[in-house]
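# Fold and geometry: a report
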Amino acid sequence: MRLLVACLILSISSTNQAVAGKFEDVVSENSNDILTPENINNITWDGIEIGFVASFKSVNLNKNKTIQTIKYNLTGIEDSKYYFDVVVDGKAQSYLRIMYENGKQYRSYDGKEYKLFDPYDGCLLTLGVCNFDGFKGKQVTMNTVYKNGVWTSKHPGAGRSSSPTTIKTVYDKYGLILYSRSIVDGRTFSTDSLSLIHISEP
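Residues numbered from 1 in each chain as written. Predicted model: local features only at pLDDT ≥ 70, side-chain atom pairs only at ≥ 80, totals over all residues. Heavy atoms only, no water.

This part covers the pattern of salt bridges. All chains considered together, the criterion is met by two salt bridges. Residue Asp33 is joined to Lys173 by a salt bridge in which the shortest nitrogen-to-oxygen separation is 3.5 Å. Taken as a pair, Asp33 in the loop between helix 1 (2-29) and strand 1 (53-59) and Lys173 in the loop between strand 10 (165-171) and strand 11 (177-184) lie far apart in primary sequence, 140 residues in all. Judged by its relative accessible area of 37%, Lys173 is partly exposed. Asp85 is the salt-bridge partner of Arg97, the closest N and O atoms lying 3.1 Å from each other. Here Asp85 lies in strand 3 (residues 81-88) and Arg97 lies in strand 4 (residues 91-101), a separation of twelve residues in the sequence. Its relative accessible area of 28% is what places Arg97 among the partly exposed residues. Judged by its relative accessible area of 32%, Asp85 is partly exposed. (Salt bridge = Lys/Arg side-chain N within 4 Å of Asp/Glu carboxyl O. Helix = DSSP H or I, 4+ residues; strand = E, 2+ residues; numbered from the N terminus. Buried < 20%, exposed > 50% of the residue type's maximum accessible area, 1.4 Å probe, protein only.)

Pasting the structure below:
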C-alpha cells in the first residue's frame, strides 16, 4: 500500500511539473506577444483582415485524450466586433458563430443574441476580485492573479459547473488563448474547458 501511495504521489508530482513546464515554454516562446496587465488596455485588432484564421488544438484530458482541431475563420468586421465562422475537424459548425470584442469572446447559437459562453468569462481578464451572476442568478466572486505570463482565475462554482474551478491561461496580445488548462474540483474539466494551443498567426 505504501508503494502504491508513493507511486501515485510521484505520478501527480510529475504531472504537475510537466504542466508547469508547458506554461513556462509557452510564455518563453511568445515573450514579446503575450497579454499582460500592462498592455491589456491596448488590445487592438487593427491590421487583422477578413480571411484571418485562428487555429487551436483541443485536448480532452479526462478519458481517452481525444483531440480536435478547431478553426475560427474571420468573416466579418463591424467597428470593434470581429465575427468568425467555426470549423471543427474540417466540419463547418453552421449553428455556431463566434464574436470577439475587446479581447472577450461571445457566442451565438442558431442566429440568436451573442452572449458570453460562461458567466465568468467577463471576469477572466480582471485582476483581483470580480463578481458575476451564476446560471441560477446567484452572485459569485472570482479572483484573478497574474504571474510570470499566466493569468490564474479561481471561483467557488456556479459557472457551467457548481464545483470549485481554477483556470490558468496564457493569452496572446489579441486576447486569444495560447495555452489554457481548467481544473474543476481536482479534475480536468472536459467539453469546453479544454487545453487550447493557439497555432496560427495573423
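For the rest of this paragraph, the subject is the side chain of Gln105. Here Gln105 lies in strand 5 (residues 104-109). Relative accessible area serves as the criterion here: at 18%, Gln105 is assigned to the buried category. Separated by 2.9 Å, the side chains of Gln105 and Tyr100 make a polar contact. Those residues in contact with Gln105 that lie beyond four places of it in its chain are Tyr72, Ile98, Met99, Tyr100, Leu116 and Phe117. (Polar contact = N/O pair within 3.5 Å; in protein donor to acceptor, adjacent residues only side chain to side chain. Contact = heavy atoms within 4.5 Å.)

To continue, consider the nonpolar core. The biggest cluster of nonpolar side chains holds 31 residues, and the ones touching the most others in it are Trp45, Tyr72, Phe84 and Leu176. Going through the elements one at a time, strand 1, strand 2 (67-78), strand 3, strand 4, strand 7 (128-133), strand 8 (139-147) and strand 10 are the ones with two or more residues in this core. For this core, the leading source of residues is strand 3, giving four residues. Those residues within four positions of Phe84 in sequence are excluded, and the remaining contacts are Trp45, Phe52, Tyr72, Asn73, Leu74, Thr75, Arg97, Ile98 and Tyr100. (Core = buried A, V, L, I, M, F, W, Y, C linked by side-chain atoms within 4.5 Å.)

Per the counting criterion, the structure on display carries one disulfide. Covalent S-S linkage joins Cys123 and Cys130, the inter-sulfur distance amounting to 2.2 Å. Across the S-S bond of Cys123 and Cys130 the torsion is about -65°, and the bridge reads as left-handed. A relative accessible area of 14% means that Cys130 is categorised as buried. (Disulfide = S-S within 2.5 Å.)

Following the sequence through the fold, Ile34 ends up in the loop between helix 1 and strand 1. As a C-alpha pair, Ile34 and Leu178 span 144 residues in sequence and 8.4 Å in three-dimensional space. Contacts of Ile34, omitting those with residues within four sequence positions, involve Val27, Asn39, Tyr146, Gly149, Val170, Tyr171, Asp172, Lys173 and Leu178.

This paragraph deals with the environment of Gly122. The residue Gly122 is located in the loop between strand 6 (115-116) and strand 7 in this model. Note on Gly122: relative accessible area 19%, which makes it buried. Residues Gly122 and Gly103, 19 residues apart in the sequence, show an inter-C-alpha distance of 9.9 Å. The contacts of Gly122, once residues within four sequence positions are left out, are Lys104 and Leu116.

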